[in-house]
Amino acid sequence: MAELLLLNGPNLAQLGRRRPEIYGTTTLAGIEEMVVKAVPGHTVRAVQDECEGALVRAVHAAGDCAGAIVNPGALMMAGWSLRDALESFPAPWIEVHLSNVWAREEFRHHSVLSPPASGVIAGLGADGYRVAALALLATIEV
């Protein structure tokens, strides 16, 4: 049984309440439950924090995880220390965004985290996490 890291950045604890017209009505707890159900036989280490440093520590502490699903929130645009931590993460990881960031404001069109990611999923709402979990399983169980 492998453990997977589910890492969520700033403001994502507000899911279900914050801008539901963009981010949907599913809460972070609902997303965590969805991911757990999508990876039967595996455990999920869910971490959410408003602070980039705490997220970096979580990535460093998860070096034994078989993979990760990462929604960096706004850190996608300027989270250089998070990128450095993820770049040295020893397992595959997938970047997830609830909204289609390329259909939104120009400043959201570039993620500093995407280049070292195994894949990027955006615009599928909360279901993007389930898709990421299935893709990650396919990658690590090959």
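With an unreviewed UniProt entry as reference, the protein chain is termed 3-dehydroquinate dehydratase, source organism Streptomyces melanosporofaciens. Under the Function (unreviewed entry) heading, UniProt states for the protein chain: "Catalyzes a trans-dehydration via an enolate intermediate." According to the UniProt record, the Catalytic activity (unreviewed entry) comment for the protein chain reads "3-dehydroquinate = 3-dehydroshikimate + H2O".

Turning next to the overall build of the protein chain. Helix and strand counts for the protein chain come out as six helices and five strands. The N-to-C order of helical and strand elements in the protein chain reads β-α-α-β-α-β-α-α-β-β-α. The globule rule puts the C-alpha radius of gyration for 142 residues at 14 Å, and the 14 Å found for the protein chain is close to it. If you line up the protein chain on its principal axes, its C-alpha atoms span 40 × 30 × 25 Å. Accessible area for the protein chain stands at about 6500 Å²; split by element, carbon and sulfur atoms hold 55% of it. The positive charge centre, built from 10 side chains, and the negative charge centre, built from 15, are 5 Å apart in the protein chain.

Next up on the list: the UniProt feature "site: Transition state stabilizer" (unreviewed entry) in the protein chain. In the UniProt entry, the feature "site: Transition state stabilizer" (unreviewed entry) is given for Arg18. Its place among the elements puts Arg18 in the loop between strand 1 (3–8) and helix 1 (20–23).

The two faces of the sheet receive side chains in turn, since in a regular strand these alternate between them. Of all five residues making up strand 4 (residues 93–97), five are buried, and the element is well covered by its neighbours. Where burial is concerned, the two faces of strand 4 agree: the one with Trp93, Glu95 and His97 and the one with Ile94 and Val96 are both buried. In this structure, strand 3 (residues 67–71) lies alongside strand 4, joined through three bridges in parallel fashion. Residue Ala68 lies in a different strand from strand 4, and its bridge partner there is Trp93. With four bridges connecting them, strand 4 and strand 5 (residues 119–122) associate as parallel partners. Residue pairing for strand 5: Glu95 is matched across the bridge by Val120.

Cut-off values and rules
- Within every chain, residues take consecutive numbers counted from 1 along the sequence as written.
- Note on the predicted model: pLDDT of at least 70 is required for a residue's local features to be given, and 80 or more for side-chain atom pairs to be given and counted; whole-chain, interface and lining totals, by contrast, use all residues.
- To obtain the side-chain values, all non-hydrogen atoms of the structure were used and water was disregarded.
- UniProt positions are given in the numbering used here, feature names are shortened, and annotations may be inferred rather than shown by experiment.
- Put simply, DSSP H or I for four residues or longer makes a helix, DSSP E for two residues or longer makes a strand, and each gets a number counted from the N terminus.
- All radius of gyration figures rest on C-alpha atoms, and the globule criterion is 2.2 Å times the number of residues raised to 0.38.
- Methods summary: accessible areas were calculated by the Shrake-Rupley approach with a probe of 1.4 Å, and residue burial reflects only the protein chains presented.
- Residues counted as positive are Lys and Arg, residues counted as negative are Asp and Glu, and His and the chain ends are not counted.
- For this purpose, a charge sits on NZ of Lys, CZ of Arg, CG of Asp or CD of Glu.
- Only protein chains enter the accessibility calculation, which uses a 1.4 Å probe. A residue is then buried if its area is under 20% of the maximum for its type, exposed if over 50%, and partly exposed in between.
- By this definition, two strands are paired if DSSP reports at least two bridges between them.

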